[in-house]
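Next come the chains, spelled out residue by residue.
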Amino acid sequence: MLEKSARNSFSASEIDQAQRAAQRLLDTARQRGLIDVSYTKVDSPFGKLLIAATTSGLVRLAFPEQEDEQILQDLARRISPRVLEAPTSLDPVRRELDEYFAGTRRAFEVALDWKLIGPFACKVLRLTSAIPYGALSTYGQLASGVGVPRGSRAAGNALGSNPIPIVIPCHRVLRAGGHLGGYAGGLDRKRWLLELEGAIPPAR
């Protein structure tokens, strides 16, 4: 309430100037290498998603029920303590997500940073990234694809640890026989995403 009241005490031009000044500070910090991880929140059909990126690319996407503070602490511990909220630097990711949820984007083009992903999981998730929009695979097929034919459970664990869901489309992987299997974001979301892509028929 106080924040809203304070905003009302400034003119639109003053607010615009303050926003421009804040953006200049962010740009300067980025140019001087003072920001290693940028993050922001974006709207989605599931609520607010937290997205974070390094200079290499998108490194984290988290669903609303995941604790922001815990995610940011993990990024600070595993990548760099220089983590800062910088919405405009993530505009390309926001735009592609908006287009995807609107049904007008079939493939993400944003660069990805894989540093939060271990060696085996990286193999599984890179293979997962190649599953086309509207197509499906199975845990067993992924396991075979990375050279571990009997490693369905290990492949499932790798998918469950995916730090960039939706963009790395682990929702496109099902159990043998067409059962949904698991999904870290919940089976309702997995079904919603697959229905959006036309990979499965809408539930009645």
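Procedures and definitions
- Going along each chain's sequence as written, the residues are numbered from 1 onward.
- The predicted origin of the model limits local features to residues at a pLDDT of at least 70 and limits the giving and counting of side-chain atom pairs to 80 or more, whereas totals for whole chains, interfaces and linings rest on all residues.
- Only hydrogens and water are set aside when side-chain values are computed; all heavy atoms of the structure are taken into account.
- Numbered from the N terminus, helices here are DSSP runs of H or I no shorter than four residues, and strands are runs of E no shorter than two.
- The contact definition used throughout considers only heavy atoms, calling two residues in contact when any of these lie within 4.5 Å.
- Per-residue accessibility takes into account occlusion by the displayed protein chains alone, with areas from the Shrake-Rupley method and a 1.4 Å probe.
- What counts as a salt bridge is simple: a side-chain nitrogen of Lys or Arg found within 4 Å of a carboxyl oxygen of Asp or Glu.
- Think of it in three bands: with a 1.4 Å probe and only protein chains considered, a residue is buried below 20% of the maximum accessible area for its type, exposed above 50%, and partly exposed in between.
- What makes two strands pair is DSSP finding at least two bridges between them.
- Here is the rule: rings of Phe, Tyr and Trp (six-membered ring for Trp) pair when centre to centre is within 6.5 Å. Planes less than 30 degrees apart are stacked, more than 60 are edge-to-face, and the remainder are tilted.
- The rule for a charge over a ring is simple: NZ of Lys or CZ of Arg within 6 Å of the ring centre, and within 35 degrees of the ring normal.
- By convention a nonpolar core is built from buried Ala, Val, Leu, Ile, Met, Phe, Trp, Tyr and Cys residues, the set being connected through side-chain atoms within 4.5 Å.

K.L.:
Which residues make up the overall build of the chain, and what values go with them?
P.N.:
From N to C terminus, the chain includes eight helices and six strands. Its helices and strands in sequence order give the chain the pattern α-α-β-β-β-α-β-α-α-β-α-α-β-α, from N to C terminus. Intrachain contacts of the chain at a sequence separation of at least 6 include 58% that bridge at least 24 residues. Put simply, the chain shows about 11500 Å² of open surface, and 51% of that area lies on carbon and sulfur atoms.

K.L.:
With reference to specific residues and values, describe the pattern of salt bridges.
P.N.:
By the definition in use, this model includes twelve salt bridges. We note a salt bridge from arginine 105 to glutamate 99, for which the minimum N-O separation is 2.8 Å. A relative accessible area of 13% means that arginine 105 is categorised as buried. The exposure class assigned to glutamate 99 is partly exposed, which follows from its relative accessible area of 25%. Here aspartate 113 and lysine 115 are joined by a salt bridge, their closest N and O atoms 2.6 Å apart. According to the relative accessible area criterion, aspartate 113 is buried, its value standing at 5%. A network of salt bridges, in which partner residues are shared, links Glu96, Glu99, Arg105 and Glu109.

K.L.:
So what's going on with the environment of alanine 107? Which residues, and what values?
P.N.:
Mapped onto the secondary structure, alanine 107 falls in the loop between α4 (91–101) and α5 (119–129). Taking the C-alpha atoms as reference, alanine 107 lies 8.5 Å from valine 167; in sequence the two are 60 residues apart.

K.L.:
Go over the pairing of strand β3 (residues 57–62), please, and point to the residues and values.
P.N.:
Within β3, six of the six residues are buried, leaving the element largely enclosed by the surrounding structure. Hairpin connection, strand β2 (residues 49–54) to β3: the antiparallel pair is bridged by two residues.

K.L.:
Give a detailed account of the packing of aromatic side chains, specifying residues and quantitative values.
P.N.:
One pass over the structure, following the stated rule, counts eight aromatic pairs. Taken together, a centroid distance of 6.3 Å and an interplanar angle of 85 degrees make the contact between tyrosine 100 and tyrosine 133 edge-to-face. In this pair, tyrosine 100 is assigned in helix α4 and tyrosine 133 in the loop between α5 and β5 (137–138), connecting sequence segments 33 residues apart. The exposure class assigned to tyrosine 100 is buried, which follows from its relative accessible area of 1%. A connected cluster of aromatic rings, assembled from ring pairs, spans Phe46, Phe63, Tyr100, Phe101, Phe108, Tyr133, Tyr183 and Trp192. The ring of tryptophan 114 has arginine 126 sitting right over it, with the charged end atom 4.1 Å from the ring centre.

K.L.:
Residues and numbers for unusual backbone geometry, please.
P.N.:
If you check the backbone angles, isoleucine 166 has positive phi at about 75 degrees while not being a glycine. Along the chain, isoleucine 166 falls in the loop between α7 (152–160) and β6 (173–174). Since its relative accessible area comes to 1%, isoleucine 166 is described here as buried.

K.L.:
Quick rundown of the nonpolar core? Include the residues and the values.
P.N.:
Counting 36 residues, the largest nonpolar core has Ile51, Leu61, Leu97, Phe101, Leu159, Ile166 and Val167 as its most contacted members. When sequence neighbours within four positions are dropped, the list of residues in contact with isoleucine 166 reads Phe46, Leu49, Leu61, Phe63, Leu97, Tyr100, Phe101, Phe108, His171, Tyr183 and Leu193. Counting residues in hydrophobic clusters, the runner-up holds ten residues, among them Leu50, Ala52, Val59 and Ala62.

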